[in-house]
Amino acid sequence: MPPHLFGDRPAPQPPERGAVDVLIDRTLRLRGDVDAVRRDAVLVDEDDLQLRWQRALCELAVHHLDDLGTHLGQLKEGLPSEDAEQFTEEPEPAQGKPFDEPRPGSLLSRVGSAEWNLLTDEVSWSEELFQIFGRSAQAGPLSLDELPSVLFPEDQPLLTSLVTACLVDGKTIDGEFRILRADGRMRTLHMMGEPVLDADGCTASMWAVLRDVSELRRSQRAVSRTRESIRRQQHMAQTERRMAVELQETVLPPWRGSLRLPHQGPGALDVAAHYLPSDSSALIGGDWYDALELHDGRTLLTVGDLTGHGIPATTAMAMLLGALRGMAVAGIEPGALMGHLNQLLQSPAQPALGSAVCCRFDPATGTLAWSQAGHPAPLLFRNGAGRPLSPPDGVLLGAASGVAYEQDEVHLLPGDVLVLHTDGLTRRSDRGVGPEALLDLAPRFAEVRTAQECVRAVVEEFGGTERLDDACVLVARIGA
């Protein structure tokens, strides 16, 4: 038979061996580097979607380099190559297994070739193709008429269409289908082929290369699944954050800027507050602040923090702040009010832990009555110096049942500045936990004349990326 000529191009010349050796060496080096990254991505938590996605991509990259190394080895004029063998790393055949299998977890898929002679009905399969199909050489190769019998029924029309287009119209074959081997294993094969023309330009045979891409497709599906899981997780997190923000904005006081309480009369408080979201968490926490004028002319001041983040923490905060407002309006003293909040958080319907400080200021006498539950004490700034108030006894809300919360009183003077805050404000990586950083603002507070300016100074100092948790700050300046 005359030499085969492909229908769309002349036979390519083999590449220079030196150039292929250089490519194989580069691929081996790159494969080793990527494999080192894959080993570093140790999967500690199976639920960590980001780590699963990273490791799946590393696996995919390593397997693609495995395939590249194999193909480069085959380019060396079909001669055995030690470099190519380093890519395959296939184990010795196990006892009792008639056919070699690709090593588990590898995308290195055997590549086999076949030729179906239309003039003599001869069929020629490479040894690798017998292994791919799980057939022994004694069973013989499959003819084009027999080939569809091992395919999944839904894939048979595709193969028929590809073969017909190749033999009748001279088109190249490029498609994938699934086969069911005699041992019950399903494999996905990628087939590329061309018509082979005789000297008269007529189709004499069909030549094809088939590659087992089962592991490759499985790895690609794993990458796709983890990517989709990450996207769903991100979408759910964004949705939860949006809902938590909307709920928080609904519950927290609607006023912005400064507020005068009570609205009329001497000794009124100039109040301003601000919420600072965390830079290390995308979820909204259970922090709150509030200032409320009571019916007897006194003023309620409060800040607090519930454990947790997201919608559960925000919902619990809304419930607790509503109860606090109601009891304050009813005239319940700060100490007794804390006891009721503690009972509320211990109920089975709303179990939680939290800290809070509750103050009631009387502008007529300048007296501040206050109580706390495991919360940082208010800071009092006077004459350019600051100090924390001595806290009355009080445990975390929800931590123990039947406990009493003490109440203390302090006399405030015109020009005094009172700062209430949650502990997230001073929880910073470079300064640890404590009010010292806030107390350092005493000289600045002495120079300003409004609570809003004090809040602005706090935000300038603590609004950076070093804050580890979300926080609230409320500043009350006592008027003349």
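Residues numbered from 1 in each chain as written. Predicted model: local features only at pLDDT ≥ 70, side-chain atom pairs only at ≥ 80, totals over all residues. Heavy atoms only, no water.

## Digging into the overall build of the protein
Part 1 of the argument: Counting secondary structure elements, the protein contains eleven helices and 17 strands.
Part 2 of the argument: The buried share among the 480 residues of the protein stands at 45%.
Part 3 of the argument: The contacts in the protein between residues at least 6 apart in sequence include a share of 64% that link residues at least 24 apart.
Part 4 of the argument: Working note: accessible area of the protein is about 23900 Å², and carbon and sulfur atoms make up 54% of it. (Helix = DSSP H or I, 4+ residues; strand = E, 2+ residues; numbered from the N terminus. Buried < 20%, exposed > 50% of the residue type's maximum accessible area, 1.4 Å probe, protein only. Contact = heavy atoms within 4.5 Å. Areas by Shrake-Rupley, 256 points an atom, 1.4 Å probe, with all protein chains shown as cover.)

## Focus on empty space enclosed by the protein
Part 1 of the argument: In this structure the tally under the stated criterion is three cavities of 30 Å³ or more.
Part 2 of the argument: Taken as a whole, the largest cavity spans an internal volume of roughly 50 Å³.
Part 3 of the argument: In terms of lining residues, the largest cavity is bounded by Leu-294, His-295, Asp-296, Arg-298, Ala-328, Gly-331, Ile-332 and Arg-360.
Part 4 of the argument: Each residue belonging to the lining of the largest cavity can be placed in one class, and the counts come to three nonpolar, two polar and three charged. (1 Å grid on protein atoms, 1.4 Å probe; cavity = no way out; pocket = protein on both sides within 12 Å on 5 of 7 lines; lining within 4 Å. Points joined across faces, edges and corners; volume = space filled by probe spheres on them. Nonpolar A, V, L, I, M, F, W, Y, C, P; charged D, E, K, R; others polar.)

## Observations regarding the sheet that holds strand E7 (residues 258-261)
Part 1 of the argument: An order of E7-E8-E17-E16-E13-E14 is seen for the six strands of this open sheet, with the pairing classed as antiparallel. Each edge of the open sheet is held by one strand with a lone partner, namely E7 and strand E14 (385-388). When strand polarity is set aside, the average angle formed by the axes of neighbouring strands in this sheet is 20 degrees.
Part 2 of the argument: Examined bridge by bridge, strand E13 (residues 379-382) and strand E16 (residues 417-421) share three bridges and lie antiparallel to one another. Within E16, the position partnered with Phe-381 by the bridge is Val-417.
Part 3 of the argument: Its contacts with the sheet put helix H11 (residues 451-462) on E7, strand E8 (269-276), E16 and strand E17 (471-478), and the angle it makes with E8 is roughly 25 degrees. (Pairing = 2+ DSSP bridges. Axes fitted to C-alpha atoms, helices over the stretch in contact; angles between N-to-C directions.)

## A closer look at the pairing of strand E4 (residues 173-180)
Part 1 of the argument: Burial along E4 is one-sided: the face carrying Ile-173, Gly-175, Phe-177 and Ile-179 is buried and the face carrying Asp-174, Glu-176, Arg-178 and Leu-180 is not.
Part 2 of the argument: Both E4 and strand E5 (residues 186-197) contribute to a ladder of eight bridges, which runs antiparallel. By the bridge assignment, Glu-176 is partnered in E5 with His-190.

## Section: helix H8 (residues 334-345)
Part 1 of the argument: Compared with an ideal rise of 1.5 Å per residue, which puts twelve residues at 16 Å, H8 spans 17 Å between its outermost C-alpha atoms and is within 8% of the ideal.
Part 2 of the argument: Regarding H8, the residues found buried are Pro-334, Gly-335, Leu-337, Met-338, Gly-339, Leu-341, Asn-342 and Leu-345.
Part 3 of the argument: Where H8 is buried, its residues meet strand E10 (299-309), helix H7 (310-329), strand E11 (354-362) and strand E12 (367-373). (Expected span 1.5 Å × (residues − 1).)

## Concerning the environment of Leu-418
Part 1 of the argument: Turning to its location among the elements, Leu-418 is positioned in strand E16.
Part 2 of the argument: The exposure class assigned to Leu-418 is buried, which follows from its relative accessible area of 1%.
Part 3 of the argument: Residues Leu-418 and Ile-478 lie 60 residues apart in sequence; the distance between their C-alpha atoms is 8.1 Å.
Part 4 of the argument: With residues near it in sequence (within four places) discarded, Leu-418 still touches Leu-301, Leu-368, Pro-378, Leu-379, Leu-380, Leu-389, Leu-474, Val-475 and Ala-476.

## Comments concerning the packing of aromatic side chains
Part 1 of the argument: According to the stated counting rule, one finds three aromatic pairs in the structure shown.
Part 2 of the argument: With a centroid separation of 4.9 Å and an interplanar angle of 40 degrees, the aromatic rings of Trp-125 and Phe-133 are classed as tilted.
Part 3 of the argument: Here Trp-125 falls in the buried class, since its relative accessible area comes to 10%.
Part 4 of the argument: Consider the rings of Phe-381 and Phe-445, whose centres lie 4.7 Å apart with planes at 80 degrees: the pair is edge-to-face. (Phe/Tyr/Trp six-rings, centres within 6.5 Å; stacked < 30°, edge-to-face > 60°.)

## With respect to the pairing of E17
Within a regular strand, side chains alternate between the sheet's two faces.
Part 1 of the argument: Among the eight residues that make up E17, eight are buried, leaving the element largely enclosed by the rest of the structure.
Part 2 of the argument: Residues Ala-471, Val-473, Val-475 and Arg-477 of E17 are buried on one face, and the alternating residues Cys-472, Leu-474, Ala-476 and Ile-478, pointing to the opposite face, are buried as well.
Part 3 of the argument: Of the pairings in the sheet, the one linking E8 to E17 comprises eight bridges and is antiparallel in character. When the bridges of E17 are listed, Leu-269 appears paired with Ile-478.

## Here's the deal with H7
Part 1 of the argument: With 20 residues, H7 extends 29 Å between its outermost C-alpha atoms, agreeing within 8% with the 28 Å of an ideal straight helix rising 1.5 Å per residue.
Part 2 of the argument: Within H7, the full set of buried residues consists of Gly-310, Ala-313, Thr-314, Ala-316, Met-317, Leu-320, Leu-321, Leu-324, Met-327 and Ala-328. Each buried residue of H7 sits inside an arc of 160 degrees when the element is viewed along its axis, so together they form one side.
Part 3 of the argument: Where H7 ends, the next residue or the one after it, Gly-331, has phi of about 90 degrees, a positive value. (Arc of directions from axis to C-beta.)

## Topic: the pattern of salt bridges
Part 1 of the argument: The full count for this structure, using the stated rule, is 14 salt bridges.
Part 2 of the argument: Here Asp-183 and Arg-181 are joined by a salt bridge, their closest N and O atoms 2.6 Å apart.
Part 3 of the argument: The class for Asp-183 is partly exposed, based on a relative accessible area of 44%.
Part 4 of the argument: For Arg-360, the salt bridge goes to Glu-333, with nearest N and O atoms at 2.5 Å. Taken together, the residues span a long stretch of sequence, with Arg-360 in strand E11 and Glu-333 in the loop between H7 and H8 at a distance of 27 residues.
Part 5 of the argument: On the basis of relative accessible area, Arg-360 is assigned to the buried category, the value being 12%. (Salt bridge = Lys/Arg side-chain N within 4 Å of Asp/Glu carboxyl O.)

## Concerning unusual backbone geometry
Part 1 of the argument: The omega torsion across Leu-261 and Pro-262 is -10 degrees, close enough to zero to call that bond cis.
Part 2 of the argument: Topologically, Pro-262 is positioned in the loop between E7 and E8.
Part 3 of the argument: If you check the backbone angles, Asn-383 has positive phi at about 55 degrees while not being a glycine.
Part 4 of the argument: Note on placement: Asn-383 falls in the loop between E13 and E14.
Part 5 of the argument: Classification of Asn-383 by relative accessible area gives exposed; the value is 78%.

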